[in-house]
Amino acid sequence: MSRPRFTGSIFKRSGSEKYWLQYYDANGCRVRESTRSTSIKKAEKTLQQRLGQIQNGTFAPIAQRVRVCELAESLLGQYRSCEIKGNKSLEWAERRWALHLEPFFGKAKAGSVSTDSLRAYVEHRQKQGAKNATINRELSFLRRAFMVARKATPPKVQIVPAFPHLEEPEARQGFLSDEEYGKLAACCAANGLWLRAMLAVGCNFAWRKSELLNLRVAQIDLLNRMIRLEPGTTKNSDGRTVVMTNETLELLRACTAGKKAEDYIFTRENGARVRNFRGAWANVCAAAGVPSLLFHDLRRTGARNLRRLGVSEGVIMKIGGWKTRNVFDRYNIIDQADLADAARRLDEKMETQEIGHSTATVEKEEERED
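Here's a quick rundown of the structure. Keep in mind it's a predicted model, so treat the numbers as computed, not measured.

Quick word on the overall build of the protein
Scanning the protein from N- to C-terminus turns up 14 helices and 6 strands. The buried share among the 370 residues of the protein stands at 38%. Contacts spanning at least 24 positions in sequence make up 59% of the contacts within the protein whose residues lie at least 6 apart. Looking at the protein as shown, the accessible area adds up to about 22,000 Å², and 51% of this sits on carbon and sulfur atoms.

Below you can see the structure in the form of structure tokens.
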């Protein structure tokens, strides 16, 4: 089919009913592309789209050939480029990609990934026993890979497929009451200074277990009562600083006694670094009467305690390291005791108003009698 020069052409290959396009990109390289359609109108429309993309600089000739593995490697490369020692997100992404996503999508062309194929992946992972939350995190990584590819210059993909999102169970609502904290603290102290100190720091500042286990003596400033979490040592890689309470100051002073700056804070009686303490934690929780308590529940408890003391939510998020409000809200830091307290305060307010109203009525009646 004859067309003006530099406007491309539409043709059929021998033995095929589908139309093909031929045009030249911004570098003068010839590109041939199948429209996968027998409609001349669709072929014309597609050709005009390609010419427009070439003109405005958004045309990506490799978009028709790029594979999912290339998108994933590009995203992982971004993670690695800003990797700081101890970054857990990179380790998680590499493991999930290698174990589950790559075997299913790795060799597929990015353009062939559809909502149907994503749903097939969901069904595949559910048969393997994966939880909905885990599958959502895996799909989130894949979706981000597509998003990054589409925003590249030139874009590596033209569209991002619609990703399914599975329902997840509500976040845990485990809390530690003040009375339970006292019992648990006594049991932890009997098990070792390190566990007692971890309980205090975790509950006071709502810090993650990994953040505590990686603490070194150099991050403790006893004179100024400060603890520093260095950038890159936290889950979101942001650094944080808190002022120690009297309880944490005394415990951490004991934990750092006789140690060098590079030594870890939490060590056992024989000097070995604490890495895993599931057994010890399960034992002290059982002894304290809170057998189902997770160490991560201290994070929720710490946030709730700070809120009860009137600390603003913005400050709580900075102390605990919550970067977004959505994630912070998932911790649902209100428990039944908070709801009961709110009802009690409302009752007190109503009673005060009723008393005030009754007093005013009596005064008016007395004025009338006078």
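From this point, the discussion proceeds with the structure in view.
Looking at the pattern of salt bridges
All told, the structure shown has 15 salt bridges when counted by the stated rule. Lys12 is the salt-bridge partner of Glu17, the closest N and O atoms lying 3.6 Å from each other. For Lys12, a relative accessible area of 39% puts it in the partly exposed group. Measuring nitrogen to oxygen at the nearest pair gives 2.8 Å for the salt bridge that ties Glu211 to Arg240. With a gap of 29 residues between them, Glu211 in helix α8 (residues 209-213) and Arg240 in strand β6 (residues 240-243) connect regions that are remote in the sequence. Just as Glu211 is buried, Arg240 falls in that class too. Through salt bridges with shared partners, one network takes in Glu73, Arg80 and Glu94.

A word on the packing of helix α4 (residues 115-127) against helix α5 (residues 132-151)
Between α4 and α5, whose axes approach to 10 Å, the crossing angle comes to 145°. The handedness of the crossing between α4 and α5 comes out as right-handed. Residue-level contacts link Leu118, Tyr121, Val122, Arg125 and Gln126 of α4 to Asn132, Thr134, Ile135, Glu138, Leu139 and Leu142 of α5. Residues that form the contact of α4 with α5 fall into these classes: 6 nonpolar, 3 polar and 2 charged.

Some details on the environment of Gln128
The topology assignment puts Gln128 in the loop between α4 and α5. Take Gln128: its relative accessible area is 45%, and that puts it in the partly exposed class. Side-chain polar atoms of Gln128 contact the side chain of Arg125, separated by 2.7 Å.

Let's talk about the nonpolar core
Among the nonpolar cores identified, the biggest contains 48 residues, and Leu184, Trp207, Ile227, Phe266, Phe277 and Trp281 are the most heavily contacted of them. Mapped by element, the contributors of at least two residues to this core are α6 (178-191), α7 (193-205), α8, β5 (226-229), α9 (246-256), α10 (278-288), α11 (297-308) and α12 (313-320). No other element matches the 9 residues that α7 contributes to this core. Contact partners of Trp207, with chain neighbours within four places excluded, come to Val201, Gly202, Leu212, Leu215, Ile227, Leu229, Arg240, Val242, Arg299, Ile319 and Gly320. In this structure, Ala93, Phe105, Ala145 and Ala149 belong to the second largest nonpolar core, which totals 28 residues.

Details of the sheet that holds strand β2 (residues 19-24)
Reading across from one edge, β1-β2-β3 is the order of the 3 strands in this open sheet, with antiparallel pairing throughout. Of all strands in the sheet, those bounded by a partner on one side alone are β1 (9-12) and β3 (30-34). Strand-to-strand, the axes of this sheet are offset by a mean angle of 25°, without reference to chain direction. Where helix α1 (residues 40-56) meets the sheet, it contacts β1, β2 and β3, and its direction lies at approximately 20° from that of β2.

Calculation notes
Residues numbered from 1 in each chain as written. Predicted model: local features only at pLDDT ≥ 70, side-chain atom pairs only at ≥ 80, totals over all residues. Heavy atoms only, no water. Helix = DSSP H or I, 4+ residues; strand = E, 2+ residues; numbered from the N terminus. Buried < 20%, exposed > 50% of the residue type's maximum accessible area, 1.4 Å probe, protein only. Contact = heavy atoms within 4.5 Å. Areas by Shrake-Rupley, 256 points an atom, 1.4 Å probe, with all protein chains shown as cover. Salt bridge = Lys/Arg side-chain N within 4 Å of Asp/Glu carboxyl O. Axes fitted to C-alpha atoms, helices over the stretch in contact; angles between N-to-C directions. Left-handed = near helix turned anticlockwise from the far one by under 90°. Nonpolar A, V, L, I, M, F, W, Y, C, P; charged D, E, K, R; others polar. Polar contact = N/O pair within 3.5 Å; in protein donor to acceptor, adjacent residues only side chain to side chain. Core = buried A, V, L, I, M, F, W, Y, C linked by side-chain atoms within 4.5 Å. Pairing = 2+ DSSP bridges.

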